[in-house]
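# Fold and geometry: a report
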Amino acid sequence: MKENSFLSRFLIDAKYRIWRHLLFILIGAVITFNQVFIAYQDCQDIIGNRIYLICFSSFALYLIAMYFNYFYLTPRFLLKEKYIIYSIMLCIIVFLLPMLSIAEEYWVRNTLGLPHRITSYTNPLILVDNLAACMITTICFCGVSFILLFRNWLTNNEQVSRLEGEQVKSELNKLKGQITPAFLSKTLRNASASVETEPEKTTNMLMRLSQLLRYQLYDCNRDKALIKSEINFLTGFLDLERLNNSQFQYKIEMTTDINNLFVSPMLFISLVQYLIEDSSRLDLSFSLESGILSFRCKSDNKKELSGEALASIKKRLELQYPEKYILISKPEITELKINISE
């Protein structure tokens, strides 16, 4: 709303502050001058240009009251939800201003020897006569307070949105698929055991492991990553698993050209790492049809996604692809479908 609406930007952005106050002063001046000209319309010819001095004095009085409401009453009471105190003080000011205007008119007419428009300044009915002025003043004061309330509401919403975004981002980082400590420990242990007998294998293992860790630490920090990079990461991971376990075999197929698609980084590794345990073979396939990306993982054991692993994967999918995914887990087969058309 702040980005798309000129009104909200005009009311909030610091660069419009001077223009906001100028507009505010101009509206106040128009209302005050109009009231003064009406009050002295019976003797404008006698007063002459001195009526502008009266206008400015009345305007200064109203302006002081309005800025008192703007800088003191509203921030100290209304924004802090002290509504009763704010209402009482506002009512006092609203009823006091017309009375001060009448007192000023009485002094001006006496000083200049002008006939009095009001026959009795002590008559209580004067309050009734000034109800219209009170209503206009109340509308002006409430308009100023509304602007402050609106700005405060937008600012609070912005802070809440930013905190929610940071919380979601932090939660996603926790849920983001990573190479498990068990896999790292197994790789380093096997590399250490083969360093003397098979130095080339050790070098190969450490090089592949460093590539995987570099991708995990640096290349996948973006919100989206090319699926080609994700598949290369999976390939490197499975190659490293084959170096750890010579009996392990795998195959990755792409039935359609999906290399230029973007997905959330480290999305598939959580599924693969969970299903690779106690498996000697994995068959992975990727396909795209009508904007639906399908990932299928077939293993040679009866293991299914369950427990904490399933909850973690589903939670991440809910955060990144809400209502756009289908996760099916059965013995030997796990399938994930994501709508990436939008």
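This text goes with the structure placed above it.
In what follows, the accompanying structure is described. Because the structure is a prediction, the values reported are computed rather than measured.

### Thoughts on the overall build of the protein
Assigned secondary structure in the protein consists of twelve helices and seven strands. Contacts spanning at least 24 positions in sequence make up 68% of the contacts within the protein whose residues lie at least 6 apart. A total of about 20,300 Å² of accessible surface is found on the protein, and carbon and sulfur atoms cover 59% of it.

### A few points about the pattern of salt bridges
A complete count under the given rule lists seven salt bridges for this structure. When the shortest N-O distance is used, the salt bridge between arginine 109 and aspartate 42 registers 3.0 Å. Of this pair, arginine 109 sits in helix H5 (residues 83-112) while aspartate 42 sits in the loop between helix H2 (17-39) and helix H3 (44-47); the two residues are 67 residues apart in sequence, bridging distant segments of the chain. Arginine 208 serves as the salt-bridge partner of aspartate 239, at 3.2 Å between the closest nitrogen and oxygen. Of the two residues, aspartate 239 sits in helix H10 (residues 227-244) while arginine 208 sits in helix H9 (residues 199-219), which places them 31 residues apart along the sequence. Put simply, Asp42, Glu105 and Arg109 are held in one network by salt bridges that share partners.

### Topic: the sheet that holds strand E5 (residues 292-299)
Within a beta sheet, neighbouring strands are joined by backbone hydrogen bonds and run either parallel or antiparallel to one another. Taken in spatial order, the five strands of this open sheet run E2-E4-E5-E7-E6, and their pairing is mixed. Every interior strand has two partners, whereas the edge strands, strand E2 (249-254) and strand E6 (325-330), have only one. Strand-to-strand twist of the sheet, defined as the mean angle between neighbouring strand axes without regard to direction, takes the value 10°. Taken together, the eight bridges between strand E4 (residues 281-289) and E5 define a ladder with antiparallel strand orientation. Following the sheet pairing, phenylalanine 286 is matched in E5 by phenylalanine 295. Across the sheet, H10 touches E2, E4 and E5, and the angle it forms with E2 is around 165°. On top of the sheet, helix H12 (residues 307-320) reaches E6 and strand E7 (333-339); it is set at about 165° to E6, its chief contact.

### Side note on the packing of helix H8 (residues 181-193) against H10
Across the interface, H8 lies against H10 with an axial gap of 10 Å and an inter-helix angle of 50°. Between H8 and H10, the angle is such that the two are oblique. Here the hand of the crossing between H8 and H10 comes out left-handed. Side by side, H8 and H10 meet where Phe183, Lys186, Thr187 and Asn190 of the first sit next to Phe237, Leu240, Glu241 and Asn244 of the second.

### Observations concerning the side chain of threonine 187
By secondary structure assignment, the location of threonine 187 is in helix H8. Overall, threonine 187 belongs to the buried group, its relative accessible area being 0%. Contact partners of threonine 187, with chain neighbours within four places excluded, come to Met205, Leu209, Leu240 and Asn244.

### Focus on the environment of isoleucine 292
Among the structural elements, isoleucine 292 can be located in strand E5. Residues isoleucine 292 and lysine 324 lie 32 residues apart in sequence; the distance between their C-alpha atoms is 9.2 Å.

### Looking at unusual backbone geometry
The phi dihedral of glutamate 81 falls on the positive side, at around 65°, and the residue is not glycine. One non-glycine residue, glutamate 323, adopts positive backbone phi at about 60°. Structurally, the position occupied by glutamate 323 is in the loop between H12 and E6.

### Considerations on the packing of H10 against helix H11 (residues 269-276)
The relative placement of two packed helices comes down to the angle between their axes together with the axis-to-axis distance. In contact at an axis separation of 11 Å, H10 and H11 are set at 20° when each is read in the N-to-C sense. Considering the angle they form, H10 stands roughly parallel to H11. Helix-helix and strand crossings are classified by hand; for H10 and H11 the assignment is right-handed. The segment H10 lies against H11, with Phe233, Leu234, Phe237, Leu238 and Glu241 engaging Ile269, Val272, Gln273 and Ile276. A breakdown of the residues in the contact of H10 with H11 according to their chemical character gives seven nonpolar, one polar and one charged.

### Remarks on a nonpolar patch on the surface
Side chains of Ile84, Ile88, Ile92, Leu96, Met99 and Leu100 sit close together on the surface and give an oily, nonpolar patch of about 560 Å² of accessible area. Inspection of the secondary structure puts methionine 99 in helix H5. For methionine 99, a relative accessible area of 32% corresponds to the partly exposed category.

The rules behind the values
- Residues numbered from 1 in each chain as written.
- Predicted model: local features only at pLDDT ≥ 70, side-chain atom pairs only at ≥ 80, totals over all residues.
- Heavy atoms only, no water.
- Helix = DSSP H or I, 4+ residues; strand = E, 2+ residues; numbered from the N terminus.
- Contact = heavy atoms within 4.5 Å.
- Areas by Shrake-Rupley, 256 points an atom, 1.4 Å probe, with all protein chains shown as cover.
- Salt bridge = Lys/Arg side-chain N within 4 Å of Asp/Glu carboxyl O.
- Pairing = 2+ DSSP bridges.
- Axes fitted to C-alpha atoms, helices over the stretch in contact; angles between N-to-C directions.
- Parallel < 35°, antiparallel > 145°, perpendicular 65-115°, else oblique.
- Left-handed = near helix turned anticlockwise from the far one by under 90°.
- Buried < 20%, exposed > 50% of the residue type's maximum accessible area, 1.4 Å probe, protein only.
- Nonpolar A, V, L, I, M, F, W, Y, C, P; charged D, E, K, R; others polar.
- Patch = residues over 30% accessible without salt bridge, like charges linked within 9 Å, V, L, I, M, F, W, Y side chains within 5 Å.

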